Amino acid sequence: MKQVDIRTRTVPNRPRSGNYPTGSTVSVGGGGSSSTIINEGGGMDLAEARKHFLSRTNDDTAAGIINFSKGLRILSDLINKLFKENTEGDMSDESIMTSLRVLKEIADNNDKLKELFLRKDQEDTTNYLINLLGGVIAPFIQSPDFVSGMMGTGFTLKRNADGTTYAEIDRLLVRMKAIFQVLEIMRTEVGGATMMFNASGARITVTKVERIDKVPFYYSDGAAKYYSDGARAYVQPSEHGAVYRCYFLSDDGDTAIKNLFHAGNLARSQSFNIKEGVHEGVSNRFFWRLVTAVGDDYIDLSVSHCAEGSDVPQEGDVICQIGDIKDPDYQSAIVMSAFGDGAPYITFYQGINSYSLSGKDVFAIGYDRAKQECFIRGYGRMYFGDRGRKTFIEYTKENGLQVKASKFLLESGTDVGGSLSSMSSSISAMQGQISLKVGKDQLKATGIDIDSKTVKVTASQFLVQDSGGTGIAVFKLVNGKPMLKAENIDVENLKVKHLDGADGTFSGELKAATGTFSGELKAATGTFSGTISANGAKVGGFTLDNGALNWKSKDYFGGDSRSIRIGVSTNANTGVVDISFNGATLGKYGVKVVGSNVGGACIYASRNGNSTPNLNNTYAGYFDGGVHVNGNLYSNLIMANTIGTGWTMDKDGIYTYKKGITKNIYWDIKDGNWTKSYKLQIVNGIIIGD
């Protein structure tokens with residue numbers, strides 16, 4: 001019969017409700033009460049218990065403060081650190097910030113935020129497109145390169161001070177219908193409301209236009225070229241292809257007109273063909289084209305080399321020279337106007353070498369109707385003053401703005417020129433801050449001397465007070481040195497990022513009694529002397545614990561893959577230096593030593609230090625004393641004065657071994673008529689020769 005073992009096990013009582021502890025007895029209170037009594041070494045009313053303990057399954061409220069020492073987990077997210085306004089350390093997804101810290105982060109990253117967001121309280125600029133899908137409400141919209149007038153550039157749409165609106169653009173297309181209460185046609189070439197001065201004085205009125213796509217080819221001797229079939233050879237009339245040949249009247253019978261155009265000029269025409277009444281399909285005429293060739297009574301305008309949208313020249317067009325693609329002598333123009341936005345105005349243009357005037361205006365005088373004030377705008381060098389340079393305002397790119405004046409009047413009429421005459425002063429603004437620099441002579445009267453970027457305060461006491469007159473910081477002279485009075489230092493909340501000894505040396509004891517040091521502790525040029533008590537502190541990746549320096553590194557699974565300990569031994573199994581590592585360590589060596597010099601060794605071990613390596617040799621390892629190896633010993637060569645063939649070690653640590661024999665063995669072998677002798681040499685049990 002098979003034996004069956006029966007084992008017994010006590011299963012603890014487990015209540016069906018998780019709200020009651022194991023082993024408790026639950027009963028309904030008497031006397032008509034609906035309360036429940038939990039008996040566990042004494043009774044407790046459940047309603048009373050709920051006042052002292054939070055529910056795990058239902059919404060609950062705590063009237064007191066609850067300290068979560070290991071953190072707080074919301075769903076699956078752990079929060080284990082609160083960053084206050086001045087808390088140091090790196091933030092992670094497991095930390096949160098107070099409201100003051102949020103404001104501090106915004107202030108510290110203000111420059112970065114300026115790169116991402118546009119300002120609402122001052123002018124700002126972005127190089128990227130902004131889609132305002134809800135619309136725009138603004139008193140004006142204007143391009144940054146806007147210049148008013150017939151020769152202007154850019155665009156503007158604004159509301160004038162009198163309530164009327166004004167728009168200035170280059171082209172306007174009305175698809176359905178345009179209604180004008182008043183349509184005023186301006187002539188812009190010479191005279192009238194707008195006058196223009198070009199660099200050459202070239203101006204013609206076109207009497208005939210013909211398009212030329214090809215011209216006969218001639219050799220250098222004037223002979224025409226023909227092909228073998230008798231056909232005449234033709235070429236394009238210009239390097240840019242076809243041209244419009246525009247003729248003009250060179251002699252009206254009274255005056256001979258000289259053609260002032262040159263090849264390379266940019267010829268522009270702008271006029272209207274609208275008359276009074278209602279019309280359809282009307283538009284102003286405009287073209288701006290390259291002059292490719294000139295004759296006594298014509299100019300050739302390129303068909304392809306022109307401003308976008310240029311019209312075809314026709315009879316009656318007035319053409320003026322405005323710019324040149326290469327020659328700077330023909331790249332200037334002056335426009336004066338008594339009509340339009342900014343009028344009256346004068347605008348100077350320079351460097352017109354394309355079909356755009358953007359950035360070509362170098363000087364302008366005009367009137368701003370929106371602000372109802374005149375303006376002067378210039379780009380480049382400026383001087384305004386007397387010839388002797390006694391008083392002037394001057395601007396140069398090299399020296400910036402310079403002002404020399406005999407008087408400086410405030411709005412009240414007060415002349416502060418005398419006060420400023422003895423001081424070098426400047427006011428600069430940077431990132432919302434204003435910096436005022438005053439002359440050192442005036443500050444000397446207050447005991448403050450500024451020289452060579454050094455501030456000297458000459459006073460027996462230097463006081464910093466609040467608005468109520470209470471001293472916030474008080475400096476006084478002690479043995480000729482300015483000292484900050486200790487009662488004005490909040491030693492309970494003293495925080496420093498850098499603590500340097502005056503002479504480069506710390507002496508005495510530097511100790512964090514109950515807390516920790518954070519930040520940087522550095523002797524800039526000297527040394528620390530005395531004691532630094534910082535048990536449990538971090539130094540780089542090392543930890544100071546119980547007089548030892550420890551370093552650990554984790555492996556992929558969270559375990560310690562590498563560790564090093566340097567310090568006093570704490571038990572019989574620890575050394576002054578302990579190193580451990582496992583298979584998850586990236587490196588292959590626990591201790592790696594490379595390099596040695598003559599008479600030295602990479603690793604040196606001695607019981608007393610009396611023995612040293614030979615001065616003519618270098619060793620990877622040198623040991624003065626016994627070396628015990630539990631395991632195999634692999635070597636290319638073993639040299640020993642004594643070799644044991646077997647050994648044992650007693651309990652008292654004494655080794656007993658059997659030494660191999662040392663002996664020479666001789667023998668002869670006779671073969672027929674000859675005899676050969678042999679010798680076998682054995683030293684310490686090893687055969688070394690025969």
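In what follows, the structure referred to is the one given above.
All of these numbers come straight from a predicted model, not from anything done at the bench.

Rules used throughout
Residues numbered from 1 in each chain as written. Predicted model: local features only at pLDDT ≥ 70, side-chain atom pairs only at ≥ 80, totals over all residues. Heavy atoms only, no water. Helix = DSSP H or I, 4+ residues; strand = E, 2+ residues; numbered from the N terminus. Buried < 20%, exposed > 50% of the residue type's maximum accessible area, 1.4 Å probe, protein only. Lys, Arg positive; Asp, Glu negative; His and termini not counted. Salt bridge = Lys/Arg side-chain N within 4 Å of Asp/Glu carboxyl O. Polar contact = N/O pair within 3.5 Å; in protein donor to acceptor, adjacent residues only side chain to side chain. Pairing = 2+ DSSP bridges. Axes fitted to C-alpha atoms, helices over the stretch in contact; angles between N-to-C directions.

Colleague: When you look at the side chain of Lys360 in this model, what are you seeing that I'm missing?
Modeller: Looking at the element boundaries, Lys360 is found in the loop between strand E21 (345-350) and strand E22 (361-368). It turns out Lys360 is buried and unbridged, and the closest side chain with the opposite charge, Asp361, is 9.4 Å from it. In terms of polar contacts, Lys360 uses its side chain to reach the backbone carbonyl oxygen of Gly351, at 3.0 Å.

Colleague: Is there a simple way to explain unusual backbone geometry in this structure?
Modeller: Across the chain, the bulk of peptide bonds are trans and the bulk of non-glycine residues have phi less than zero. If you check the backbone angles, Arg389 has positive phi at about 60° while not being a glycine. Arg389 sits in the partly exposed class, given a relative accessible area of 35%.

Colleague: Even after reading the chapter, I still don't get the sheet that holds strand E48 (residues 674-683), so can you show me in this structure?
Modeller: Strand pairing in a sheet is mediated by backbone hydrogen bonds. Such pairs are either parallel or antiparallel. Taken in spatial order, the three strands of this open sheet run E47-E48-E49, and their pairing is antiparallel. Lying at the two open borders of the sheet, with one neighbouring strand each, are strand E47 (663-671) and strand E49 (686-689). Here the average twist between neighbouring strands, direction ignored, is 35°. Alignment of E48 against E49, held across three bridges, turns out to be antiparallel. Paired with Ile682 across the bridge in E49 is Ile687.

Colleague: What's the story with the sheet that holds strand E9 (residues 156-159) in this structure? I'm lost.
Modeller: On the basis of which strands lie adjacent, the open sheet formed by three strands has the order E8-E9-E10 and antiparallel pairing. The strands lining the two open edges of the sheet, one partner per strand, are strand E8 (140-142) and strand E10 (165-168). Between one strand axis and the next, the sheet turns through 15° on average, direction left out of account. Bridge count between E9 and E10: four bridges; the pairing is antiparallel. Across the sheet, Arg159 pairs through a bridge with Thr165, a residue of E10.

Colleague: Sorry if this is basic, but what is going on with the pattern of salt bridges here?
Modeller: In a structure, side chains of opposite charge can pair up when their charged atoms sit close to one another. In the structure shown here, the tally under the stated rule is four salt bridges. Residue Asp317 pairs with Arg285 through a salt bridge whose shortest N-O separation is 2.8 Å. Placement of Asp317 in the loop between strand E18 (298-306) and strand E19 (318-324) and of Arg285 in strand E17 (residues 284-294) is noted, with a sequence separation of 32 residues between them. Since its relative accessible area comes to 3%, Asp317 is described here as buried. The partner of Arg389 in a salt bridge is Glu394, and the shortest N-O contact between them spans 2.7 Å.

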